[in-house]
Amino acid sequence: QVQLVESGGGLVQPGGSLRLSCAASGFSLDDYAIAWYRQAPGRERESVACISTRDGITASAGSVKGRFTISGDSAKNTVYLQMNSLKPEDTAVYYCAAGGILYGNGCPSVSHWGQGTQVTVSS
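A short tour of the structure in this document, coming up.

Examining the side chain of aspartate 90
In step 1: Relative to the helices and strands, aspartate 90 resides in the loop between strand 8 (78-83) and strand 9 (92-101).
In step 2: Assessed through its relative accessible area of 1%, aspartate 90 is described here as buried.
In step 3: A polar contact is formed between the side chain of aspartate 90 and the side chain of arginine 38, at a distance of 2.9 Å.
In step 4: A polar contact of 2.7 Å, which involves the side chain of aspartate 90, links it to the side chain of arginine 67.

Below you can see the structure in the form of C-alpha cells.
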C-alpha cells in the first residue's frame, strides 16, 4: 500500500548542497502531508520541514530555515528537500514521513515512514 522511498543522500563537504527525494506510492501527494525528519547519532529524531501540497503550506525548523527548502511535485508524487550551505551538524539519517494533514500547517500526523537516507557533511 503506502510506500515512501528516500534517495539522494551521500557525503558532502561543509558548505555544499544535496537534494533529497521522497517518492510516494499508494496515495496521492495532495491527500497527505509530508515531512522530513532527521536523526543524528545519539540524538532524538527531529522534524526538519513539512509540506501540504493541497493547502500550499510549508514549514521548516529554525535550524534549517534559509538553508533548506521543501517542495513537492504532484505529477511525480515526489517531495524534495533541497539542502544548501550544509554544516557538519546536519549529519544525520533523513527520513520521509507521511500522514494526515494537520490543520493550520503543512505537517503530518505521521502514520508512515520511509527507510531513511544517510547524509554526512564532512571535510
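Focus on the side chain of serine 21
In step 1: Topologically, serine 21 is positioned in strand 3 (residues 18-25).
In step 2: Excluding residues within four positions of it along the chain, serine 21 makes contact with Val5, Glu6, Ser7, Trp36, Thr78, Val79 and Tyr80.

What about the sheet that holds strand 8?
In step 1: One open sheet accounts for 4 strands, arranged 1-3-8-7; its pairing is antiparallel. Looking along the sheet, the strands with just one partner apiece sit at the ends: strand 1 (3-7) and strand 7 (68-73). On average, each strand axis in the sheet is tilted by 15° relative to the strand beside it, whichever way the strands run.
In step 2: In this sheet, strand 8 lies alongside strand 7 in antiparallel orientation, the contact comprising 6 bridges.

A closer look at the environment of serine 63
In step 1: Topologically, serine 63 is positioned in the loop between strand 6 (57-60) and strand 7.
In step 2: Separated by 43 residues in the primary sequence, serine 63 and leucine 20 place their C-alpha atoms 18 Å from one another.

A look at the nonpolar core
In step 1: Counting 27 residues, the largest nonpolar core has Trp36, Leu81, Met83 and Tyr94 as its most contacted members.
In step 2: Looking at this core, the elements with two or more residues in it are strand 3, strand 4 (33-39), strand 5 (46-52), strand 7, strand 8, strand 9 and strand 11 (117-121).
In step 3: Each residue touching tyrosine 94, except ones within four places of it in the same chain, is listed here: Glu6, Leu20, Trp36, Tyr37, Arg38, Val48, Phe68, Leu81, Met83, Gly116, Thr117 and Val119.
In step 4: One finds Tyr37, Cys50, Ala97 and Cys107 within the second-largest nonpolar core, a separate group that totals 6 residues.

Rules and cut-offs
- Residues numbered from 1 in each chain as written.
- Predicted model: local features only at pLDDT ≥ 70, side-chain atom pairs only at ≥ 80, totals over all residues.
- Heavy atoms only, no water.
- Helix = DSSP H or I, 4+ residues; strand = E, 2+ residues; numbered from the N terminus.
- Buried < 20%, exposed > 50% of the residue type's maximum accessible area, 1.4 Å probe, protein only.
- Polar contact = N/O pair within 3.5 Å; in protein donor to acceptor, adjacent residues only side chain to side chain.
- Contact = heavy atoms within 4.5 Å.
- Pairing = 2+ DSSP bridges.
- Axes fitted to C-alpha atoms, helices over the stretch in contact; angles between N-to-C directions.
- Core = buried A, V, L, I, M, F, W, Y, C linked by side-chain atoms within 4.5 Å.

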